[in-house]
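Each chain is listed here by its residues.
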Amino acid sequence: MKNFIKLNPIDELHLAFFPDFLDQQQADAFFKDLKSSIEWEQPIVKIFGKEHPVPRKVAFYGEPDVQYRYSGQTHTAIPWTESLQAIKSKIQESTPYEFNSVLLNFYRSGADKMGWHADDEKVLGSNPVIISLNLGAERRMDFRDKKDHQKKCSIQLPVGSLLIMLEDCQHRFHHQIPMQKRIKEERINLTFRQIKY
Ligand SMILES: O=C(O)CCC(=O)C(=O)O
Ligand SMILES: [Fe+2]
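The name recorded for the protein in an unreviewed UniProt entry is Alpha-ketoglutarate-dependent dioxygenase AlkB, from Persicobacter psychrovividus.

So this is what it looks like as structure tokens:
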């Protein structure tokens, strides 16, 4: 894969990173378009019997009939928009991976976040490759070994960067986007996935 650097911040964590996959102008144009054209939702999740809105907005797009369960509900993919098609083609020119859907997250400020999790659902198959595009505010992403919480690291995700989580990343590690209260700017992240079943 041309232009990707291999990141291996801790043993066994395999990432590929393309820091300026989109230039600032392209990234800004996609951000603006996605912010207004995507059907953003804020699902309610039940945690210990209490209902909470998820701390960000989300949307799921992809091939017809692809379904994905997140935030406690099954979602059917909304068909690719023109912008998503353009991003998808650009990613497919640079990587050998297949994907049939994208989960989008909209962080309204540094107060929005995503807690520790792994994208290791059965429907993604074993060792799923997750391709993640970053638009808007630069945020930090943390990784930690599921079994040994001392084994951890953080990376910065600047605007226009593309991060690929490879090999057994989802099986061995959790990741999160922590709250960063001093960040006031919005951010959109897209994670392209191959839902197998
Ligand atoms: O916002 C991000 O960079 C990460 C998103 C993520 O981990 C996910 O959608 O599963
Ligand atoms: Fe994730």
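A. Representation of the site of ligand 1 in the model. The environment of ligand 1 is formed by 13 residues, the closest being Asn105, Tyr107, His175, Arg187 and Arg193. Tyr107 has a polar side-chain atom sitting 2.6 Å from an oxygen atom of ligand 1. Interatomic distance of 2.8 Å between a side-chain N/O atom of Arg193 and an oxygen atom of ligand 1. Looking at the shell around ligand 1 element by element, the count peaks at four residues for strand E16 (residues 187–193).

B. The coordination of the iron ion (ligand 2), seen in detail. Within the protein, His117 (NE2), Asp119 (OD) and His175 (NE2) serve as the donor atoms for the iron ion (ligand 2), at 2.1 to 2.2 Å. Donor residues for the iron ion (ligand 2) sit on one chain with the sequence pattern H-x1-D-x55-H. Placement of the pair is Asp119 in the loop between strand E10 (114–117) and strand E11 (130–136) and His175 in strand E15 (residues 173–177), with a sequence separation of 56 residues. Judged by relative accessible area, which is 4%, His175 ranks as buried.

C. Structural detail: the environment of Asn127. Residue position: Asn127 is located in the loop between E10 and E11. Taking relative accessible area as the criterion, Asn127 reaches 37% and is therefore assigned partly exposed. For the pair Asn127 and Cys169, spaced 42 residues apart in sequence, the C-alpha to C-alpha distance is 7.3 Å. When near neighbours in sequence (up to four residues on either side) are disregarded, Asn127 contacts Glu167, Asp168 and His171.

D. Inspection of the pattern of salt bridges at higher detail. Following the criterion strictly, the structure yields eight salt bridges and no others. The salt bridge partner of Lys88 is Glu63, with a shortest N-O separation of 3.9 Å. On the criterion of sequence distance, the pair formed by Lys88 in helix H2 (residues 82–94) and Glu63 in the loop between strand E5 (57–62) and strand E6 (67–70) is long-range, its members being 25 residues apart. A relative accessible area of 12% places Lys88 in the buried class. Asp142 serves as the salt-bridge partner of Arg140, at 2.8 Å between the closest nitrogen and oxygen. Taking the relative accessible area as the measure of exposure, Asp142 reaches 5% and is therefore buried.

Conventions used here
Residues numbered from 1 in each chain as written. Chains lettered and ligands numbered in written order. Predicted model: local features only at pLDDT ≥ 70, side-chain atom pairs only at ≥ 80, totals over all residues. Heavy atoms only, no water. Near = heavy atom within 4 Å. Polar contact = N/O pair within 3.5 Å; in protein donor to acceptor, adjacent residues only side chain to side chain. Helix = DSSP H or I, 4+ residues; strand = E, 2+ residues; numbered from the N terminus. Donors = N, O, S within 2.8 Å, 3.2 Å for Na, K, Ca; no water. Buried < 20%, exposed > 50% of the residue type's maximum accessible area, 1.4 Å probe, protein only. Contact = heavy atoms within 4.5 Å. Salt bridge = Lys/Arg side-chain N within 4 Å of Asp/Glu carboxyl O.

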